[in-house]
Amino acid sequence: MEAPAAPHNPAETQLTVTSPEQMRELGRRLAKLLRAGDLVMLTGELGAGKTTLTRGLGEGLGVRGAVTSPTFVIARVHPSLGDGPPLVHVDAYRLSGGLDEMEDLDLDVSLPDSVIVVEWGEGKVEELTEDRLQVVIHRAVGDTTDEVRHVTVTGLGERWSDTDLEPLSG
C-alpha cells in the first residue's frame, strides 16, 4: 500500500469512455472544474477524441461558436456567452519550434483571462505555467471501430494539488 501523496504531487484520475457522447460529457464535467488561467494539455493520437472532449468543454464553459479542430488556423478563440472565461483552443500539431513558436501565439497574454486547451502540446507549452491539467487519451491501435478510450487526467502544480478530480468519473 502506497503512502498518501505529499502536497503538490499530481492529482490523478483514470476513466474509461466508450462513445463520443461520453467524451463530450467528460468535457462538460471538466469545464465545471476550470477557471480563467487554467491550461489543459491534451495528448492522444489522431482520432483519439481530443477535439470531441474540447467540444464538450466549450459547451460546459458556455462559449460562442462551434468547437472544431483548429489544425489549420493553429488557434481559435471562443468568447464566453456569459460571465465565464473564453476558451482558447490550440492545435500545436504543426508547430515544431516548441515554446518559441508558441510564444508567437501570445498564449502567455491570454492565459490569465482564459481557459487554454492545447492539443499536441506536450514538449511545447509546459513552460507557460507549472499549473496545468494533463489529459492523456489512449485508444486501441489498429481497430478503428473500437470507441473505447482510456483517459488519464493529471493535475500538476499547486493549482491542482487540492482539487478532487473524482467528479470527472460521473
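This text gives an overview of the structure that appears in the document. Just so it is clear, the model here is predicted, and its values are computed rather than measured. (Residues numbered from 1 in each chain as written. Predicted model: local features only at pLDDT ≥ 70, side-chain atom pairs only at ≥ 80, totals over all residues. Heavy atoms only, no water.)

Here we look at the pairing of strand S2 (residues 39–43)
1) Next: When you tally the buried positions in S2, you get 5 out of 5 residues, the bulk of the element.
2) Next: The side-chain alternation of S2 yields two buried faces, one formed by Leu39, Met41 and Thr43 and the other by Val40 and Leu42.
3) Next: As paired elements, S2 and strand S5 (residues 115–119) share 4 bridges and run parallel to each other. The partner of Met41 across the bridge, within S5, is Val118.
4) Next: One ladder, built from 4 bridges, connects S2 with strand S6 (residues 132–139); its direction is parallel. The residue bridging Thr43 from the neighbouring strand is Val136, located in S6. (Buried < 20%, exposed > 50% of the residue type's maximum accessible area, 1.4 Å probe, protein only. Helix = DSSP H or I, 4+ residues; strand = E, 2+ residues; numbered from the N terminus. Pairing = 2+ DSSP bridges.)

Overview of the pairing of S5
For a regular strand, side chains alternate in direction, first toward one face of the sheet and then toward the other.
1) Next: Counting buried positions over the 5 residues of S5 gives 5, a clear majority of the element.
2) Next: Alternating residues of S5 divide into Val115, Val117 and Glu119 and Ile116 and Val118, and every residue in both groups is buried.
3) Next: With 5 bridges connecting them, strand S4 (residues 87–91) and S5 associate as parallel partners. Residue pairing for S5: Val88 is matched across the bridge by Ile116.

Observations regarding the packing of helix H1 (residues 20–31) against helix H2 (residues 50–61)
1) Next: With their axes 6 Å apart at the nearest point, H1 and H2 run at an angle of 45° to one another. As judged from the angle between their axes, H1 and H2 are oblique. Here the hand of the crossing between H1 and H2 comes out right-handed. Contacts between H1 and H2 involve Pro20, Met23, Arg24, Leu26, Gly27, Arg28, Leu30 and Ala31 from the former and Thr52, Leu53, Arg55, Gly56, Leu57, Glu59, Gly60 and Leu61 from the latter.
2) Next: Counted by class, the contact of H1 with H2 contains 8 nonpolar, 4 polar and 4 charged residues. (Axes fitted to C-alpha atoms, helices over the stretch in contact; angles between N-to-C directions. Parallel < 35°, antiparallel > 145°, perpendicular 65-115°, else oblique. Left-handed = near helix turned anticlockwise from the far one by under 90°. Contact = heavy atoms within 4.5 Å. Nonpolar A, V, L, I, M, F, W, Y, C, P; charged D, E, K, R; others polar.)

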